[in-house]
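Analysis of the macromolecular model
Listed below are the residues making up each chain.
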Amino acid sequence: MGADAALLLLADSRLPAGGHAHSGGVEEAVRLGAVTGTGDLARFLRGRLATAGLVTAALAAAACELAAAGELAATDDPADDPADGVELWRRLDAEADARAASPAQREAARTQGRLLLRTARRMWPSAALDTLARAVPEGPHHPVALGAAGASAGCTPRQAALAAAYTSVTGPATAAVRLLGLDPVTVHRLLADLAPALDDAAHAACASLGDAARQGRWHALPGHSAPALDLLAEGHLTNPMKLFVS
């Protein structure tokens, strides 16, 4: 499969990986009155992309690079000890964990990652995905699974980063249409307006992949915090009346 076609599949909300069940914090924002219409939603999406979106894009790019390197090593020497790969995946997933202050956010990310990894292993079987599943049996963070899946499908780190940035805003946008009864065309215009910012996020994500990251040291990846999203996630967790799981 071509990388461009694989990118479309990864970014498709109809991919059976549970993305449709996550609102990215917008459901709680609607409940609190912080998002009431398209103007509020536009600001919410732009802020989410600049923080959580950039972080997930960088993690996805790093995971894609790691998976591609693992596949190449396995091809060069099939007898290589896979334990090294297991440890690297655990370290990258720990970097994702450290960038999610909210326990609810971490749990949601792992749920999505677990579902995506299960789906990707059936669609694009690879040694990298098998190693990731062994390394993080409870389910890797979603951007880590996304990057690994992207590499297995033939995508580049930039394409994986772009898919992660894209899904960071399309999920909340779609949820807002359902929650507020907004005009889908108007909401998609908001997403179209974000196209340059999506490209910028993917570029910045890949720019953070220096020699240290290629050696398994990912501390320099973006760590932009979004306290409001953390608070929304924790509030949503305790709300008994909700349409989305996060």
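Nothing here was measured: the structure is a model prediction, and the numbers come from that model.

1. Side note on the environment of P172
Examined against the element boundaries, P172 turns out to sit in helix α8 (residues 157–180). Those residues in contact with P172, other than ones at most four positions away along the chain, are S23, G24, V26, L41, F44, L45, R48 and T167.

2. Concerning the nonpolar core
In this structure, V26, L41, F44, L45, W89 and L92 are the most contacted members of the largest nonpolar core, which totals 74 residues. Broken down by element, this core gets its largest block of residues, 16 residues, from helix α3 (residues 38–76).

3. Focus: helix α1 (residues 3–11)
For α1, the full list of buried residues reads A6, L7, L10 and A11. Considered in projection along α1, the buried side chains sweep an arc of 130° and stay on one side of the axis.

4. Here's the deal with the environment of A207
Topologically, A207 is positioned in helix α10 (residues 195–207). Look at A207 and you get exposed, because its relative accessible area is 58%. Distance in space between the C-alpha atoms of A207 and A68 is 17 Å, their sequence separation being 139 residues.

5. So, the packing of helix α5 (residues 103–123) against helix α6 (residues 127–135)
Between α5 and α6, whose axes approach to 10 Å, the crossing angle comes to 150°. Between α5 and α6, the interaxial angle falls into the category roughly antiparallel. Where α5 crosses over α6, the two elements pack in a sense that is left-handed. Across the interface between the two elements, L117, A120 and R121 of α5 pack against L129, D130, L132 and A133 of α6. Considering only residue class, the contact of α5 with α6 consists of 5 nonpolar, no polar and 2 charged.

6. Brief notes about helix α9 (residues 184–193)
If you check which residues of α9 are buried, you get V187, L190 and L191. All buried residues of α9 lie within an arc of 100° about the axis, which places them on one face of the element. Counted as exposed and oriented over 90 degrees from the buried face of α9: V185, H188 and R189.

7. Brief notes about the pattern of salt bridges
Per the stated rule, a full pass over the model turns up 9 salt bridges. Its salt-bridge partner being D40, residue R43 comes within 2.7 Å of it at the nearest N-O pair. Taken together, the residues span about one helical turn, with R43 and D40 both in helix α3 at a distance of 3 residues. Classification of R43 as exposed rests on a relative accessible area of 57%. A salt bridge links D97 to R110, with the shortest nitrogen-to-oxygen separation between them at 3.2 Å. Linking D97 in helix α4 (residues 83–98) with R110 in helix α5, this pair joins segments that are 13 residues apart in sequence.

8. Focus on the packing of α1 against α8
The contact between α1 and α8 brings their axes to 9 Å, and the two run at 25°. Looking at the two axes, α1 sits roughly parallel to α8. Regarding α1 and α8, the two cross each other, and that crossing is right-handed. Contacts between α1 and α8 involve A3, D4, L7 and A11 from the first element and Q159, A163, Y166 and T167 from the second. The residue makeup of the contact of α1 with α8, split by class, is 5 nonpolar, 2 polar and 1 charged.

Scoring rules and cut-offs
- Residues numbered from 1 in each chain as written.
- Predicted model: local features only at pLDDT ≥ 70, side-chain atom pairs only at ≥ 80, totals over all residues.
- Heavy atoms only, no water.
- Helix = DSSP H or I, 4+ residues; strand = E, 2+ residues; numbered from the N terminus.
- Contact = heavy atoms within 4.5 Å.
- Core = buried A, V, L, I, M, F, W, Y, C linked by side-chain atoms within 4.5 Å.
- Buried < 20%, exposed > 50% of the residue type's maximum accessible area, 1.4 Å probe, protein only.
- Arc of directions from axis to C-beta.
- Axes fitted to C-alpha atoms, helices over the stretch in contact; angles between N-to-C directions.
- Parallel < 35°, antiparallel > 145°, perpendicular 65-115°, else oblique.
- Left-handed = near helix turned anticlockwise from the far one by under 90°.
- Nonpolar A, V, L, I, M, F, W, Y, C, P; charged D, E, K, R; others polar.
- Salt bridge = Lys/Arg side-chain N within 4 Å of Asp/Glu carboxyl O.

Purely geometric stuff here, so don't read any function into it on its own.
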